[in-house]
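Next come the chains, spelled out residue by residue.
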Amino acid sequence: MKKQEDPKERDLWNSIPKLEVAERGQTYFDLSLMAFENGQHTKSLALAESACDCFREKADEVGLANCQTSIAFNLYQLGRKPEAIRALIRAVVSYAKASDIQEWEYRAYLAEWLRESDEPDLALLQLERCLDYYSHENATYAITQILSQIADLLCDLDRCQEALTHLHRARTIYKEERDPMLVGTTDIEIARCSNHIDDSTTAKSFALKAIGVFDSSNNQMKRAQSYSQLGRALNYEGEFEDALKALDVAYEIVTNSKPVNFYAVYMIQKAKAHSLLGLGRETEAVVLQRRNAIINETLQWE
């Protein structure tokens with residue numbers, strides 16, 4: 001069945017021939033947004049490009065940047081990620097020329113896309129520029145969000161000491177804001193990063209802090225993450241029985257969740273196998289290792 005035409009869309013199309021350049025550009029942009037919301041990304045892309053031509057003719061940097069952003073997100077949805085990144089770079093440059101605050105929101109998106117495209121150093125550069133800006137503006141929430149993103153990226157780059165510095169700064173701000181949930185979430189990240197560098201003492205300490213928060217709030221997925229990090233830390237200390245108990249708590253939560261997070265299952269099973277081997281329970285460990293091999297055959301994490 002042919003989709004019924006939206007009266008608002010029809011009116012916008014009918015108005016175009018009567019409009020001046022700037023108004024025509026805005027109308028194309030509005031139509032582009034409507035198409036995007038309807039999942040019509042090829043149509044939305046073409047309309048955004050038409051809007052760009054109008055705003056370029058009018059030398060309207062903000063209008064141009066908005067259209068370039070629309071182009072970028074449509075390209076991204078169409079799976080054309082390298083082109084999407086280039087379009088978003090152009091949008092950020094246009095926002096910067098116009099001194100428009102949207103520059104910083106889209107720099108953060110750009111960092112995310114660069115990271116996905118295996119350009120971590122370029123992603124880090126964008127995030128650091130965002131951090132400088134938000135620090136200057138004293139925008140507390142934005143500062144902590146960027147600190148966490150930078151720390152996560154630094155940890156992936158094996159620059160864990162730098163990551164920990166950023167996480168502790170974020171934790172201090174969350175404490176000042178009296179937000180236990182965000183303090184607890186940061187404690188999980190500190191534990192994870194500490195485990196990454198085999199600092200089991202710090203990892204255990206912060207995992208236990210997180211458990212205190214998320215056992216109290218009954219946040220199941222955060223509980224799973226907290227107990228998982230505690231289990232890893234205890235494995236490093238050779239406390240295999242206690243490690244296995246902690247990992248069993250995490251495993252039960254994750255396997256009973258819908259949908260199942262197979263990456264979490266994989267990592268917990270890997271840690272449990274380590275505990276079982278430490279306890280001399282090789283047969284049980286081999287069962288978990290075989291399960292992980294089957295998962296990894298499809299998802300190829302290692």
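Everything below is about the structure shown above.
Cut-offs applied
Residues numbered from 1 in each chain as written. Predicted model: local features only at pLDDT ≥ 70, side-chain atom pairs only at ≥ 80, totals over all residues. Heavy atoms only, no water. Helix = DSSP H or I, 4+ residues; strand = E, 2+ residues; numbered from the N terminus. Expected span 1.5 Å × (residues − 1). Buried < 20%, exposed > 50% of the residue type's maximum accessible area, 1.4 Å probe, protein only. Contact = heavy atoms within 4.5 Å. Axes fitted to C-alpha atoms, helices over the stretch in contact; angles between N-to-C directions. Parallel < 35°, antiparallel > 145°, perpendicular 65-115°, else oblique. Left-handed = near helix turned anticlockwise from the far one by under 90°. Nonpolar A, V, L, I, M, F, W, Y, C, P; charged D, E, K, R; others polar. Salt bridge = Lys/Arg side-chain N within 4 Å of Asp/Glu carboxyl O.

Trainee: Hey, could you go over helix α13 (residues 240-255) for me, with residue numbers and the actual values?
Mentor: For α13, spanning 16 residues, the distance from its first C-alpha to its last is 21 Å, which sits close to the expected 22 Å at 1.5 Å a residue. What α13 keeps buried is the set F240, A243, L244, A246, L247, A250, Y251, I253 and V254. Against α12 (220-236), α14 (262-278) and α15 (282-299) lie the buried residues of α13.

Trainee: A description of the packing of helix α10 (residues 180-196) against α12 should follow, citing residues and the corresponding values.
Mentor: Packed helices, taken two at a time, are described by the angle between their axes plus the distance between the axes. Contact pair α10 / α12: the axes reach a minimum separation of 10 Å and the direction vectors enclose 30°. Put simply, α10 runs roughly parallel to α12. Pair α10 / α12 crosses with left-handed handedness. Between α10, through T185, I188, A191, R192, N195 and H196, and α12, the contact on the second element is made entirely by K222, Q225, S226, Q229, R232, A233 and Y236. Looking at side-chain class alone, the contact of α10 with α12 contains four nonpolar, six polar and three charged residues.

Trainee: Which residues make up helix α3 (residues 41-58), and what are the values?
Mentor: With 18 residues, α3 extends 25 Å from end C-alpha to end C-alpha; this agrees with the ideal 26 Å at 1.5 Å per step. Of the residues making up α3, those classed as buried are H41, S44, L45, L47, A48, A51, C52, C54 and F55. A positive backbone phi angle near 55° is found at A59, which sits one or two residues after α3.

Trainee: Hey, could you go over the pattern of salt bridges for me, with residue numbers and the actual values?
Mentor: Applying the stated criterion to the full structure yields 14 salt bridges. Taking the shortest distance from any N to any O, the salt bridge between D156 and R115 comes out at 2.2 Å. Placement of the pair is D156 in helix α8 (residues 140-156) and R115 in helix α6 (residues 102-116), with a sequence separation of 41 residues. Overall, the relative accessible area of 47% leaves D156 in the partly exposed class. On the accessibility criterion, R115 (29% relative accessible area) is partly exposed. The partner of R171 in a salt bridge is D187, with the nearest N and O atoms 2.4 Å apart. With R171 in helix α9 (residues 160-176) and D187 in helix α10, this residue pair connects regions lying 16 residues apart in the sequence. Pair check on accessibility: R171 and D187 agree, each one buried. Residues joined by salt bridges that share partners form a network here, namely R115, D152, D156, E189 and R192.

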